[in-house]
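Spelled out, the chains give:
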Amino acid sequence: MKFIFFCFFLASVQGVYSQTEINLVDSKGRKTGLWIDSLIGYRSEHYYKAGVKNGIEKVYFLNGGLYFLGEYKNGHLIGKGFFFHDKGFLTMTINYKEFVKHKGKTYQKGFFTY
């Protein structure tokens, strides 16, 4: 049974790493699919649909540890966002659920939990 689980795991990991189409744009020049960016001190992975963030976003420390995990829908963070220490423990959770309009712009409010 362990062998079957290991084979399934190995096949799923290979499928993830065989994806070579990253940082693509569509015919209109908009970001689409998986994008991997390097920031000062961090590396991020996020998904775009028609130039707008949609899906899971992961931000990593340069040592490979997870810094942030959250989800976007139509360019806005939704649900809970999780922040981690570079040693791996959870440091903060944000619950993204409120939007406020001010002078014609939409702003998002987050509720922090330490």
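A.B. asks: Explanation requested: the environment of Tyr-60 in the structure shown.
C.D. replies: Position of Tyr-60 among the secondary structure elements: in strand 5 (residues 55-61). Under the relative-accessibility criterion, Tyr-60 is labelled buried at 14%. In this structure the C-alpha to C-alpha distance between Tyr-60 and Tyr-42, which are 18 residues apart in sequence, comes to 5.5 Å. Excluding anything up to four places from it in sequence, Tyr-60 contacts Gly-41, Tyr-42, Arg-43, Glu-45, Gly-65, Leu-66 and Tyr-67.

A.B. asks: What is the right way to read the pairing of strand 7 (residues 76-84) from this model?
C.D. replies: Two elements, strand 6 (residues 66-73) and strand 7, share five bridges in a ladder whose sense is antiparallel. When the bridges of strand 7 are listed, Tyr-72 appears paired with Leu-77. Turn length for the strand 6-strand 7 hairpin, with the two strands adjacent in sequence and antiparallel, is two residues, and the turn residue Asn-74 shows positive phi of about 55°.

A.B. asks: Would you mind showing me how to read the pattern of salt bridges here?
C.D. replies: For side chains bearing opposite charge, pairing can occur when the charged atoms are close. Applying the stated criterion across every chain yields a total of three salt bridges. Across the pair Arg-30 and Asp-26 runs a salt bridge, and its minimum N-O distance is 2.9 Å. Note on Arg-30: relative accessible area 33%, which makes it partly exposed. Among the salt bridges present, the one from Lys-53 reaches Glu-57, with a minimum N-O distance of 3.0 Å.

A.B. asks: How do you make sense of the nonpolar core when you look at a structure like this?
C.D. replies: Across soluble globular proteins, nonpolar side chains have a tendency to be buried as a group. Counting residues in each nonpolar core, the largest one holds eight residues, listed as Val-59, Phe-68, Tyr-72, Leu-77, Phe-83, Met-92, Ile-94 and Tyr-96. Residues within four places of Phe-68 in sequence aside, it is in contact with Glu-57, Lys-58, Val-59, Leu-77, Gly-81, Phe-82, Phe-83 and Tyr-96.

A.B. asks: When you look at the pairing of strand 6 in this model, what are you seeing that I'm missing?
C.D. replies: When strand 5 meets strand 6, the two strands line up antiparallel, connected through six bridges. Bridging from a neighbouring strand, Ile-56 pairs with Glu-71 of strand 6. Hairpin connection from strand 5 to strand 6: four residues lie between these consecutive antiparallel strands, with Gly-64 at a positive phi of about 95°.

The rules behind the values
- Residues numbered from 1 in each chain as written.
- Predicted model: local features only at pLDDT ≥ 70, side-chain atom pairs only at ≥ 80, totals over all residues.
- Heavy atoms only, no water.
- Helix = DSSP H or I, 4+ residues; strand = E, 2+ residues; numbered from the N terminus.
- Buried < 20%, exposed > 50% of the residue type's maximum accessible area, 1.4 Å probe, protein only.
- Contact = heavy atoms within 4.5 Å.
- Pairing = 2+ DSSP bridges.
- Salt bridge = Lys/Arg side-chain N within 4 Å of Asp/Glu carboxyl O.
- Core = buried A, V, L, I, M, F, W, Y, C linked by side-chain atoms within 4.5 Å.

Purely geometric stuff here, so don't read any function into it on its own.
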